Amino acid sequence: MWRYFIFPVLLALPTIAGPRVRVVVGPSAPPVERHAAELLVRELQTLFDADARVDDAPGSPEKTGTPADTSTAVILVGTPRSNPAIPADTVGKLSTQGHVLKSSPRGLLVAGGSPAATFWAAAEFGYHFGIRHLLSGDLPPAEKPAPRLDGIDLVLEKIVRAHV
């Protein structure tokens, strides 16, 4: 008898929502950078149960990199050339293989020296929080990490030099 009463009550309870995240790509971003943004959305949903979405609208929140709603986190994806919200001086000088994950007042920068490097930066984001990308599928961490996008400062460059 009680189970018939409790089950509908449990269904009626609202679910606890994760953080809201806006993943911003440039309006003319190449397909690889758009794919990187979609990867970030999937990783955010897996890691933090986030309400994440890709946004490339040229409205003022994307241009300034600050969310209109302070409860929404911002991740800026791309290169300084493809995403006007990413200033070149924030990313620094990168090779075509270099990529960056860096917290800034505008949001988390997921950037690279090329579109491919930007995708590597998106994969590095997941790795940073415990996702392991395997050929058979992505493996999430055993325990969900805290949804903190501040305090990240990774610059990754190639270290193997070709001998000529």
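Treat the numbers as computed from the prediction; the structure is a model and nothing was measured.

Rules used in this analysis
Residues numbered from 1 in each chain as written. Predicted model: local features only at pLDDT ≥ 70, side-chain atom pairs only at ≥ 80, totals over all residues. Heavy atoms only, no water. Helix = DSSP H or I, 4+ residues; strand = E, 2+ residues; numbered from the N terminus. Buried < 20%, exposed > 50% of the residue type's maximum accessible area, 1.4 Å probe, protein only. Contact = heavy atoms within 4.5 Å. Areas by Shrake-Rupley, 256 points an atom, 1.4 Å probe, with all protein chains shown as cover. Salt bridge = Lys/Arg side-chain N within 4 Å of Asp/Glu carboxyl O. Expected span 1.5 Å × (residues − 1). Pairing = 2+ DSSP bridges. Axes fitted to C-alpha atoms, helices over the stretch in contact; angles between N-to-C directions.

1. Considering the overall build of the protein
Then comes step 1: When helices and strands are tallied, the protein shows 5 helices and 8 strands.
Then comes step 2: Seen in sequence order, the protein has helices and strands lined up from the N terminus as α-β-α-β-α-β-α-β-β-α-β-β-β.
Then comes step 3: With 164 residues in all, the protein has 37% of them scored as buried.
Then comes step 4: Across the protein, every contact between residues at least 6 apart in sequence was considered, and the portion connecting residues at least 24 apart equals 62%.
Then comes step 5: Only carbon and sulfur atoms are counted for the fraction: they give 62% of the accessible area of the protein, which is about 10000 Å².

2. Comments concerning the pattern of salt bridges
Then comes step 1: Counted by the stated rule, this structure contains 5 salt bridges.
Then comes step 2: We note a salt bridge from Arg 53 to Asp 55, for which the minimum N-O separation is 3.5 Å.
Then comes step 3: Assessed through its relative accessible area of 44%, Arg 53 is described here as partly exposed.
Then comes step 4: The class for Asp 55 is buried, based on a relative accessible area of 10%.
Then comes step 5: Each of Arg 22, Arg 53 and Asp 55 takes part in salt bridges that share partners, so that together they form one network.

3. Thoughts on helix α5 (residues 115-128)
Then comes step 1: Between its first and last C-alpha, α5 extends 20 Å over 14 residues, near the 20 Å set by a 1.5 Å rise per residue.
Then comes step 2: Those residues of α5 that sit buried are Ala 117, Thr 118, Ala 121, Ala 122, Ala 123, Phe 125 and Gly 126.
Then comes step 3: Considering only its buried residues, α5 is in contact with α2 (31-48), β3 (72-78), β4 (99-104), β5 (107-112) and β6 (132-134).
Then comes step 4: Following α5 by one or two positions, Gly 130 has its phi on the positive side, about 110 degrees.

4. Focus on the sheet that holds β3
Then comes step 1: The strand order β2-β1-β3-β5-β4-β8 describes an open sheet built from 6 strands, whose pairing is mixed. Strands at the two margins of the open sheet, each flanked by one partner only, are β2 (51-55) and β8 (153-156). Taking the axes of each pair of neighbouring strands and ignoring which way they run, one obtains an average angle of 15 degrees across the sheet.
Then comes step 2: Note: β4 against β5, 6 bridges, orientation antiparallel. By the bridge assignment, Ser 104 is partnered in β5 with Gly 107.

5. A few points about the environment of Leu 156
Then comes step 1: Along the chain, the position of Leu 156 falls in strand β8.
Then comes step 2: Sequence separation of Leu 156 and His 99 is 57 residues, and the distance between their C-alpha atoms is 5.4 Å.
Then comes step 3: When neighbours within four sequence positions are excluded, Leu 156 is seen to be in contact with Gln 97, Gly 98, His 99 and Glu 124.

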